[in-house]
Amino acid sequence: MGRKKTIIGQPVIRPDALAKVQGRARYIGDLFLERKNCLVGRALFAPCSHARLLRVDTSAAEALPGVVTVMTAKDLPGLNAYGAAAPDKPVLADGIIRYQGDPVAFVAAVDRQTADRAVALIRAEYEPLEPQLDPRENLRPGAPLIHENHPISRGSNVSSKWRVERGDAAAALAQSDIVLENDFETQMADHAYLETENCLAEPDEIEGGIHLIAPGHSAHLNCRSLAAAFGLPHSKVHVTTPIVGGSFGGKEDSNLEVAVMAGVLALKTGRPVFCEYTREESLRNSGKRHATRSHRKLGATKDGILTALEADIVVDKGAYRSIDPIPQRMSMYGGGVYRIPNAKVEARSVFTHHVYGCAFRGLGVPQAMFSIECQMDDLARRLGMDPVELRLKNLLREGDSIITGQVMRADRGLGLEKCIREVCGRIGWDRPVEQSGDPNIRRGRGIAAIMYGSGTGYPDDGAHCFVNLQMDGSLMVGIGTAELGQGGLAAMTQIAAETLGISCSMVNVNYSDNHASPETGATVASRSTVFVGNAIVRGCTILKERMLGCAGKLLEETPENLEIEDGIISVRGNEEKSVPLRQVVRAAYMSQVPLTAVGDWYPPLNRPDPVNGQDDRMHTYTFGAQAVEVSVDIGTGVYTLDRSVAAFDIGRVINPLCAEGQVEGGVTQGIGYAMMENFELKNGIAVSDTYHSYLIPTSMDLPSLETILVEAPNELGPYGAKGVGEPPVTAAAPAIRNALLDAIGIPFYSLPITPMKVLAALKAREREEA
Amino acid sequence: MREVHFILNGRPVSVTADENELLVDTIRGRFGLCGTKEGCRAGDCGTCTVLLEGTAVRSCLLLTCSVEGRHITTIEGLGDRDHIHPIQQAFIDAGAVQCGFCTPGMVLTAKALLDRNPHPGEREIRVALSGNLCRCTGYEKIIKAVQLASQRMDPTPETE
């Protein structure tokens, strides 16, 4: 009686763990090794960031024994354009080079060595053109267009723009006791997943299409983005995504570069083709976290009550549109987690001849949170107020609204204040930071608080899944989202098992296959657990009701009195009276009751307001806070992160082991973004093209990461869940910056804050004081 | 071309290899042992880690011809479906696996460490793992897994 065991919230071991620790998990590069007669595709890339491509001579490459085909723009099977959001990226450069990752020719050969040799034999001639690298210059009237005829941004270098306006920011700033005016700058960063972009493409000789085995965030999106380039209808482009060696947003779009190459080569040769980026190609060509510049004014009363925000944000889009809600996200989150009655934020992303910006865990929010959370600490200093006290004074509480006018609701999960109180309690905020005995070492403590919505916020953000009961009472689930490492497979399995009432071992989730799943939406925007989880709940509930109806007839009971646990349907309160689910499934089939259903879920419809950005973008928000301690060596500028305590309110936790892993991994990427990661370019050409010139955190760069999961349930989430993937990346940079401010009294306004930057600031202050 | 003989996961093997053939290519391409991953081909990431006479090395920095007569252990040599090595079990139980691409290299680096020092402190574990990049976990649960494996493999550390 009511003692039903729950699988939700249990640290269920993820189904892929054993194969991964034993080296038996097959990634796409491994599938290639196991295939016979598979060709290898390679590309010649432009050596510059902007040029006119004059001619390409492939004759020597074609003559090399072992080369099967060489392709240039004239040899393509379909449209010479593709892209996740707009078809603006050429499959092969035709006339103009817009960044150094534009491919000029593709080669397919019997093996990698031959393909590389053939690429070296291709002669391409270019007329160098001046690269336009500053987005602010490219905004000026009369600036030459990066795209003469862009499918969306015709006649303009603006890729996308957004604005949020409420109240009267200018008037409120004029009346504010304090106005902080700052310029913030954030850098490009690379995803640096350990498995580079790759794809295995096989022509389908029976039905005349193509099968792409490719990483990505959505099998359906991969198909939609590429079908026209193959000259095929969507139904003939079969995409499957086996396990992926990390993505963090990058392979949603950047992997298309490799998939389109493998696909056109497979269609041309009629043979399977494998393509894979080298680490250098991955770093040079693939999309980055967008570099941004924000000019901001934040107003407050002398008591520390925020009055107004004005911001003008320019985003370096790079050469192609890719995924670009960055201006929208940076605007809507411009005021952070605070009540700000007056706001005017304008943001534009602008084409340049840099590598393009794409989705990267956080999607514009790390940049936004850095700027508001730095200003909150600056304001606290100006007022002589404790940074936590200032935050609590202005914090969003139930009924308050963010600058988009969206009202925060406790029933959707509002654990913001609890996150702040938890990290403060754990790190000992009320006690002063313990100083080192070494006079060269200065210690400091900092905090930041964030919010992050689940879902894309666009009207088409819905999820569907197939749920398919088998004759033995087991369940197959078909979804189009991917297992990128985050543990989605475990969470989806738990949700299906819990809802239907069977054990996890009886559930098989068929993930990332566009031919075996309906449109699921992508594995992005911290939406999978909530959106796809809800679709699975809906689908399994339909099946459960049908099976309980059939079981009622078998047991001569009303279905309302029945329950399923572990695959046994029994009468509540009389467990002796029961029937196994597998018997009910057979009986259902014999009685013409369908065994398959589609589960679907859409959040409450948001109608984006393109004029003033006043809309209810996300149905629920994840909240968080992170507090850190640093030690700075004032002689060298070298500083260490001594402690990191992070609390995130992710709603009801489905799997604590996976959820903690998401928080720890996200926090670490945030720490890398703050302290070291910097994708450097010179004249549009990548300087950071290896793991020794693009540094990411190692085990030696981190303290033990302390994680607190706060659970404020979302009434619309599956079992109360909210999103977890992205929020943890957004708080580290401002928390570290604020700890440095506390330690040495110097405010930084740009990322990353490297030891060189710290040392230069210390020296500059010494000179000023002298 | 040269004929090279070595011991791979306990078995004597031989291959005819080019002088410049990398061990990672021999292991993956010729023996089909795909558990050894390749992340950078430049010695930076540690993804291709194997054990050479019990020491963790990067197989993208070793020439196949240089391992003549030596013992090489890959992840496939540590355990199989029916014999899960305690370090592998600890990685599973601690939740140390996400995308899994660094995992075989991490497990082998941990093996080399624990063979050398059955009870390493947290700092020693961090030092030992510092040549293996992981982009998913923040290393937190990997370090916990090594500690867990250490306790399980030798529950009674000698007191000094």
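Residues numbered from 1 in each chain as written. Chains lettered and ligands numbered in written order. Predicted model: local features only at pLDDT ≥ 70, side-chain atom pairs only at ≥ 80, totals over all residues. Heavy atoms only, no water.

**Re the overall build of chain B**
Put simply, the rule reads: In this description a helix means any DSSP run of H or I spanning at least four residues, a strand means any run of E spanning at least two, and both kinds are numbered starting from the N terminus. Note on method: radius of gyration uses C-alpha positions; expected globular size equals 2.2 Å times residues raised to 0.38. Contacts between residues were defined by any pair of non-hydrogen atoms, one from each residue, lying within 4.5 Å. In these tables, accessible area is a Shrake-Rupley quantity obtained with a 1.4 Å probe, and a residue counts as shielded only by the protein chains included in the view.
Summing up its helical and strand segments, chain B has 5 helices and 5 strands in all. For chain B, the α and β elements follow one another from N to C terminus as β-β-α-β-β-β-α-α-α-α. The C-alpha radius of gyration computed for chain B amounts to 16 Å, which stays within 12% of the reference 15 Å derived for 160 residues, consistent with globular compactness. With respect to the three principal axes, the spread of C-alpha positions in chain B is 50 × 30 × 30 Å. Contacts in chain B between residues far apart in sequence, at least 24 positions, make up 57% of those at least 6 positions apart. Surface exposure of chain B reaches about 6,600 Å², of which carbon and sulfur atoms provide 48%.

**Observations regarding the packing of helix H7 (residues 219-230) of chain A against helix H9 (residues 255-269) of chain A**
Residue and element names in this part refer to chain A. Defined as follows: The axes used here are C-alpha line fits, helices contributing only the stretch in contact, and every angle between their N-to-C directions lies in the interval 0 to 180 degrees. Each angle gets one of four labels, with under 35 degrees taken as roughly parallel, over 145 as roughly antiparallel, 65 to 115 as roughly perpendicular, and the rest as oblique. It is the rotation of the near helix from the far one that decides the hand of a crossing: anticlockwise by less than a right angle makes it left-handed, clockwise makes it right-handed.
Taken N-terminus to C-terminus, the directions of H7 and H9 make an angle of 40°; their axes are 10 Å apart at the nearest point. One way to sum up the angle between H7 and H9 is to call them oblique. At the point where H7 passes H9, the crossing takes the right-handed sense. Contacts between H7 and H9 involve Asn 222, Ser 225, Leu 226, Ala 229 and Phe 230 on the former and, on the latter, Leu 256, Ala 259, Val 260, Gly 263, Val 264 and Leu 267.

**Section: the packing of aromatic side chains**
Selection rule: Any two rings among Phe, Tyr and Trp, with Trp reduced to its six-membered ring, count as a pair given centres within 6.5 Å; such a pair is stacked if its planes are under 30 degrees apart, edge-to-face if over 60, and tilted if neither. Relative accessibility under 20% of the residue-type maximum defines a buried residue, over 50% an exposed one, and the middle range a partly exposed one, all with a 1.4 Å probe and only protein chains included. Over a ring means this: the NZ of a Lys or the CZ of an Arg is within 6 Å of the ring centre and within 35 degrees of the ring normal.
Going through the model one piece at a time under the given rule, you end up with 11 aromatic pairs over all chains. Measuring from ring centre to ring centre gives 5.0 Å for Tyr 27 of chain A and Phe 101 of chain B, while their planes differ by 90°; the resulting arrangement is edge-to-face. Residue Tyr 27 of chain A is found in the loop between helix H1 (17-21) and helix H2 (28-33), and its partner Phe 101 of chain B is found in the loop between helix H2 (86-94) and helix H3 (103-116); the two belong to separate chains. Take Tyr 27 of chain A: its relative accessible area is 2%, and that puts it in the buried class. Take Phe 101 of chain B: its relative accessible area is 5%, and that puts it in the buried class. Between Tyr 99 of chain A and Tyr 320 of chain A, the aromatic rings sit 5.9 Å apart at their centres with planes inclined by 75°, giving edge-to-face as the arrangement. Here Tyr 320 of chain A lies in the loop between strand E14 (306-318) and helix H11 (326-332) and Tyr 99 of chain A lies in the loop between strand E4 (96-97) and strand E5 (103-109), a separation of 221 residues in the sequence. Looking at Tyr 99 of chain A, the relative accessible area reads 1%, which means it is buried. A network of ring pairs unites the aromatic residues Tyr 99, Tyr 320 and Tyr 356 of chain A as a single cluster. A cation over an aromatic ring shows up here: Arg 289 of chain A above the ring of Tyr 673 of chain A, its NZ or CZ 5.1 Å from the ring centre.

**Some remarks on the nonpolar core**
Filter applied, for reference: Side-chain atoms within 4.5 Å are what join buried Ala, Val, Leu, Ile, Met, Phe, Trp, Tyr and Cys residues into a set we call a nonpolar core. Either an automatic procedure or a domain database provided the assignment from which the domain bounds are taken.
The biggest cluster of nonpolar side chains holds 198 residues, and the ones touching the most others in it are Met 451 of chain A together with Phe 91 of chain B. The two domains that each donate at least three residues to this core are domain 1 (2-77) and domain 2 (86-153) of chain B. If we ignore the near neighbours within four places in the chain, the residues touching Phe 91 of chain B are Val 21 of chain A together with Ala 96, Val 97, Thr 103, Met 106, Val 107, Ala 110, Ile 142, Ala 145 and Val 146 of chain B. In this structure, Val 467, Leu 555, Leu 562 and Val 585 of chain A belong to the second largest nonpolar core, which totals 48 residues.

**Comments concerning the interface of chain A and chain B**
The following threshold applies: Once two parts are joined, some of their accessible surface, as seen by a 1.4 Å probe, is lost; buried area is that loss totalled over both. A carboxyl oxygen of Asp or Glu within 4 Å of a side-chain nitrogen of Lys or Arg is what we treat as a salt bridge. Three categories are distinguished: nonpolar for Ala, Val, Leu, Ile, Met, Phe, Trp, Tyr, Cys and Pro, charged for Asp, Glu, Lys and Arg, and polar for the others, with Gly belonging to the last.
Taken together, the contact pairs 54 residues of chain A with 48 residues of chain B. Carbon and sulfur atoms make up 58% of the area that chain A and chain B hide from each other, which totals about 3,900 Å². Sorting the residues of chain A by area buried against chain B places Val 21, Gln 22 and Leu 194 of chain A first, and these three jointly supply 19% of that buried surface. Counting the contacts that link chain A with chain B gives 5 salt bridges. At the level of secondary structure, the elements contributing two or more residues to the side of chain A that touches chain B comprise H1, H2 and helix H18 (656-675) of chain A. Counting residues per element, the side of chain A that touches chain B draws most heavily on H18 of chain A, which supplies 8 residues. Residue composition of the side of chain A that touches chain B, grouped by class: 23 nonpolar, 18 polar and 13 charged.

**Looking at the side chain of Gln 486 of chain A**
All names here are of chain A. Put simply, the test is: Side-chain atoms alone can form a polar contact between residues adjacent in sequence; in general such a contact is a pair of N or O atoms within 3.5 Å, and within protein one must be able to donate a hydrogen while the other accepts it.
Here Gln 486 is to be found in the loop between strand E18 (475-478) and helix H15 (488-500). Here Gln 486 falls in the buried class, since its relative accessible area comes to 19%. A polar contact of 3.0 Å, which involves the side chain of Gln 486, links it to the backbone oxygen of Ala 482. The contact partners of Gln 486, leaving out residues within four places of it in the chain, are Arg 14, Thr 523, Cys 658 and Gln 662.

**What about the sheet that holds strand E6 (residues 123-128) of chain A?**
Residue and element names in this part refer to chain A. Selection rule: Two strands are said to pair when DSSP picks up at least two bridges between them.
Here we have 3 strands laid out as an open sheet, ordered E4-E2-E6, and antiparallel in their pairing. Only two strands of the sheet have a single neighbouring strand rather than two, namely E4 and E6. Here strand E2 (residues 51-57) pairs with E6 via 6 bridges, running antiparallel. Counterpart to Arg 55 in the pairing with E6 is Glu 125.

**A short note on the sheet that holds strand E8 (residues 178-186) of chain A**
Pairing between the strands of a sheet comes from backbone hydrogen bonds, and it takes one of two forms, parallel or antiparallel. Residue and element names in this part refer to chain A. Taken in spatial order, the 5 strands of this open sheet run E7-E15-E14-E13-E8, and their pairing is mixed. A strand with exactly one partner marks an edge of an open sheet, and here the two such strands are strand E7 (158-166) and E8. Recorded for the sheet is a direction-independent mean angle of 5° between the axes of neighbouring strands.

**Structural notes on the domain arrangement of chain B**
Residues and elements named next belong to chain B. Splitting chain B by domain gives domain 1 (2-77) and domain 2 (86-153). For domain 1 and domain 2, the distance between their C-alpha centres works out to 21 Å. Contact residues are listed per partner, giving 17 residues for domain 1 and 12 residues for domain 2. With both sides pooled, the region where domain 1 packs onto domain 2 buries about 1,100 Å², and carbon together with sulfur makes up 64% of that total. Per-residue buried area on domain 1 facing domain 2 is highest for Thr 49, Leu 51 and Ile 75; these three make up 39% of the total on that side. Connecting domain 1 to domain 2 are 0 salt bridges. Counting across the domain 1 and domain 2 interface gives 4 residue pairs in polar contact (both at pLDDT 80 or more). Secondary structure elements with two or more residues in the side of domain 1 that touches domain 2: strand E3 (49-52) and strand E4 (55-58). In terms of residue class, the side of domain 1 that touches domain 2 is made up of 5 nonpolar, 8 polar and 4 charged.

**Description of the pattern of salt bridges**
For side chains of opposite charge, pairing can occur when their charged atoms come near one another. Residue and element names in this part refer to chain B. Under the defined criterion, the tally for this structure stands at 59 salt bridges over all chains. The closest approach of N and O atoms between Glu 21 and Arg 30, which form a salt bridge, is 2.7 Å. Take Glu 21: its relative accessible area is 12%, and that puts it in the buried class.

**A few points about empty space enclosed by the protein**
Any empty space left between the atoms is revealed when a probe the size of a water molecule rolls over them. Filter applied, for reference: Only protein atoms enter the 1 Å grid used here, on which a cavity is any set of points holding a 1.4 Å probe that cannot leave and a pocket is any open set flanked by protein within 12 Å on both sides along at least five of seven lines; residues with an atom within 4 Å of a point are listed as lining. Grid points are joined across faces, edges and corners, and a volume is the space filled by probe spheres set on the points.
All told, the structure shown has 6 cavities of 30 Å³ or more when counted by the stated rule. Reported here for the largest cavity is a volume of approximately 100 Å³. Sorting the residues of the lining of the largest cavity by element identifies H18 of chain A together with H2 of chain B as the ones contributing at least two each.

**Quick word on unusual backbone geometry**
That bond from Leu 751 of chain A to Pro 752 of chain A is cis: its omega, -5°, falls within 30 degrees of zero. Note that Pro 752 of chain A resides in the loop between helix H19 (732-744) and helix H20 (755-769).

**Some points on the packing of H3 of chain B against helix H4 (residues 122-129) of chain B**
Residue and element names in this part refer to chain B. For the pair H3 and H4, interaxial distance at closest approach is 10 Å and the crossing angle is 130°. Viewed along their axes, H3 and H4 adopt a mutual orientation that is oblique. Pair H3 / H4 crosses with right-handed handedness. Touching Met 106, Thr 109, Leu 113 and Arg 116 of H3 are Glu 124, Ile 125, Ala 128 and Leu 129, all from H4. Tallied by class, the residues present in the contact of H3 with H4 amount to 5 nonpolar, 1 polar and 2 charged.

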